[in-house]
Each structure stands twice: as C-alpha cells, then as structure tokens.
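A closer look at the structure
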Amino acid sequence: MRRILIIEDEEKLARFVELELRYEGYEVDKAFNGRDGLELAKTRPFDLILLDIMLPGLNGIEVLRRIRQFSQVPVILLTARDAVVDKVAGLDGGADDYITKPFAIEELLARIRTAFRKNNYSNQSVEKNNLIIGDLQLDPLKRDVQVKGNPVYLTKREFDLLHYLLENKNIVLDRETILEKIWGYDFSGETNAVDVYIRYLRTKIEEPFDLKIIQTIRGVGYVIKDE
Ligand code: CA
C-alpha cells in the first residue's frame, strides 16, 4: 500500500485530506509543522509527500530543500493563491508539482496519481542502473542508498562521493582526483576533505552494519572492490 505524508499546519485541512486519501486506499501520516514533517520523512519511507509552503517555523521550501538532501520522493506543494514566487522556488527546489489552495479533492487525487505514474516510469528505467556491491545498493536517479535492505540517508556530497567510488569500482582513486571530481570549483583547499567525508560515509554505511566497504590504500587514496 502506498504511504503519503501530509505536512500542513491547517489541521482541519490536513484531516480532511487524510480522510479522503484513506478512503482512496492510501496509508497516511501527517505533521502540523515543518520540523515534525521533516523528522517523519527521515524515519519512514514515503511514496509521496504533500507539503504546504506556508508553515510556521521551518517553511515548506526549506523542508523541501532538506528532504532533497536525502530523498527523491515525489513532493506536491500546497500553495496559496498568488504565491508565484513560492511556486517557482518550490519547483526549482525539486518539487514535482504544486496545487493551489483551495483545491477540489478530485484535482489533488489526479495530481497524486500523475506523480505516481511518473515515478513508476522512472523506477522501471532505473532498475538496471543500480550500482550494487555486496550488501550495498545505490540508485543514482532516486539517489537512494540501501545497506542490507535498510535505507541510509546521505548528504549530497556523501552521496556523490559514494556514487563516484562505485562507478569506478576496483579502481584506486587518489585524493586529488576525488577532490576535483566531487568538490570541483567549490573546493576551498582543505586537502583532508576527502578523508573527512570517507569517515562520514563509513559511520553511515559500514559501522552500523558491521561491514567493510571502502578500502584505504595507504598513501594513495580509496577504492571499493568487488568481493
Ligand atoms: Ca499553511
């Protein structure tokens, strides 16, 4: 069953949408502010998120930005009429669609189905591009990482680094090459950045699972090898 997260501070509206979605057969969770919504999104896999833009505290655009650091879950923004700037910021920030309040529930349901169709389509085409080594699986388009079937949340930089190592598996990559590829123009001269991020990766993909995935080649760099 598909699970949808509603992040909306108008509790009446959130409850109404929840009821309608449950009636349509979806599982539903809801959060009444951005921070709680973000936490839920981190701890549970959702198939779609309905995200209000005008939220107290952490606004919808910021919540979206943070969700995109670890997930490509489809996001439909709920926007106020006339909030053109928000719509543009939202779509630029990685939203899949938006719907203007007040909306007819049928329209929302149609947008949700469309989002699922698009997502299914990309899921199918991605499958064979997954990079798999042992217990580690990385989906480059969804930017999903799983270890032993558990989702692992990586920042953009951590993800890019792991992706690069996997794409070049069995090749020892030196620090300079990695820096140039992953940090590029952003690189500000801290030569140990690669080691720092390898350490971050290890605390997320190795230590919790008691695995050894990334090998250090002394004096050279790093490599991920086929077992
Ligand atoms: Ca609101």
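Owing to the predicted nature of the structure, the values given are computational and were not obtained by experimental measurement.

Looking now at the domain arrangement of the protein. In terms of domains, the protein is made up of domain 1 (3-127) and domain 2 (131-224). The centre of domain 1, based on its C-alpha atoms, is set 30 Å off from the matching centre of domain 2. Between domain 1 and domain 2, the residue contacts involve eight residues of the former and eight residues of the latter. Taken over both partners, the interface formed by domain 1 and domain 2 buries close to 770 Å², and the fraction arising from carbon and sulfur atoms is 57%. Linking domain 1 with domain 2 are zero salt bridges, by the criterion used here. Counting only elements with at least two residues in the side of domain 1 that touches domain 2, the list comes to helix H2 (34-43) and helix H5 (105-126). In terms of residue class, the side of domain 1 that touches domain 2 is built from three nonpolar, three polar and two charged.

As a further point, take the coordination of the calcium ion. Those donors, Asp9 (OD), Asp52 (OD) and Met54 (O), are the protein atoms that reach the calcium ion, and they lie 2.1 to 2.4 Å from it. Taken in sequence order, the residues that donate to the calcium ion follow the motif D-x42-D-x1-M. Of this pair, Asp9 sits in the loop between strand S1 (3-7) and helix H1 (11-23) while Asp52 sits in strand S3 (residues 48-52); the two residues are 43 residues apart in sequence, bridging distant segments of the chain.

Turning to empty space enclosed by the protein, a few remarks are in order. Taken as a whole and assessed by the stated rule, the structure comprises one cavity of 30 Å³ or more. In this structure, the largest cavity spans a volume of roughly 70 Å³. Every element with two or more residues in the lining of the largest cavity is listed here: strand S8 (144-147) and helix H6 (156-167). A per-class count over the lining of the largest cavity returns six nonpolar, four polar and four charged. For the lining of the largest cavity, the two domains that each supply at least three residues are domain 1 (3-127) and domain 2 (131-224).

The next thing to look at is the environment of Ala80. Along the chain, Ala80 turns up in strand S4 (residues 75-80). With 64 residues separating them in the primary sequence, Ala80 and Asp144 have C-alpha atoms 31 Å apart. Among all residues touching Ala80, those that are not within four sequence positions of it are Lys87 and Thr100.

Right, let's get into unusual backbone geometry. Of note, the bond from Lys101 into Pro102 is cis; its omega dihedral lies within 30 degrees of zero at -5°. Positionally, Pro102 belongs in the loop between strand S5 (97-101) and H5. Located in the positive-phi region is Lys148, a residue other than glycine, with phi close to 50°. In this structure, Lys148 sits in the loop between S8 and strand S9 (150-151).

Examined bridge by bridge, strand S10 (residues 173-174) and strand S12 (residues 221-224) share two bridges and lie antiparallel to one another. Across the sheet, Asp174 pairs through a bridge with Gly221, a residue of S12. Both strand S11 (residues 214-217) and S12 contribute to a ladder of four bridges, which runs antiparallel. Residue pairing across strands places Ile214 opposite Ile224, the latter belonging to S12. The hairpin turn running from S11 into S12, its antiparallel successor, is three residues long, and Gly219 in that turn takes a positive phi close to 75°.

Note on placement: Glu206 falls in helix H8 (residues 193-206). Within the structure, the side chain of Glu206 is placed 2.7 Å from the backbone nitrogen of Ile214, a separation counted as a polar contact. Excluding anything up to four places from it in sequence, Glu206 contacts Leu201, Leu211, Lys212, Ile213 and Ile214.

Take the nonpolar core next. In this structure, Val145, Leu162, Leu165, Ile178, Ile214 and Ile224 are the most contacted members of the largest nonpolar core, which totals 28 residues. For this core, the elements supplying multiple residues, two or more each, are strand S7 (136-139), S8, H6, helix H7 (175-183), H8 and S12. Ranked by the residues each element gives to this core, the list is headed by H6, at six residues. Among all residues touching Ile214, those that are not within four sequence positions of it are Leu165, Ile198, Leu201, Arg202, Ile205, Glu206, Tyr222, Val223 and Ile224.

Here the focus is helix H3 (residues 60-67). Those residues of H3 not exposed but buried are Gly60, Glu62, Val63, Leu64 and Ile67. Where the residues of H3 are buried, they touch S1, H2, S3, S4 and helix H4 (84-92). Between the side-chain oxygen of the N-cap and the backbone nitrogen of Ile61 there are 2.9 Å, and the N-cap of H3 in question is Asn59.

What counts as what
- Residues numbered from 1 in each chain as written.
- Predicted model: local features only at pLDDT ≥ 70, side-chain atom pairs only at ≥ 80, totals over all residues.
- Heavy atoms only, no water.
- Domains from an automatic or database assignment.
- Contact = heavy atoms within 4.5 Å.
- Buried area = accessible area lost by both parts, 1.4 Å probe.
- Salt bridge = Lys/Arg side-chain N within 4 Å of Asp/Glu carboxyl O.
- Helix = DSSP H or I, 4+ residues; strand = E, 2+ residues; numbered from the N terminus.
- Nonpolar A, V, L, I, M, F, W, Y, C, P; charged D, E, K, R; others polar.
- Donors = N, O, S within 2.8 Å, 3.2 Å for Na, K, Ca; no water.
- 1 Å grid on protein atoms, 1.4 Å probe; cavity = no way out; pocket = protein on both sides within 12 Å on 5 of 7 lines; lining within 4 Å.
- Points joined across faces, edges and corners; volume = space filled by probe spheres on them.
- Pairing = 2+ DSSP bridges.
- Polar contact = N/O pair within 3.5 Å; in protein donor to acceptor, adjacent residues only side chain to side chain.
- Core = buried A, V, L, I, M, F, W, Y, C linked by side-chain atoms within 4.5 Å.
- Buried < 20%, exposed > 50% of the residue type's maximum accessible area, 1.4 Å probe, protein only.

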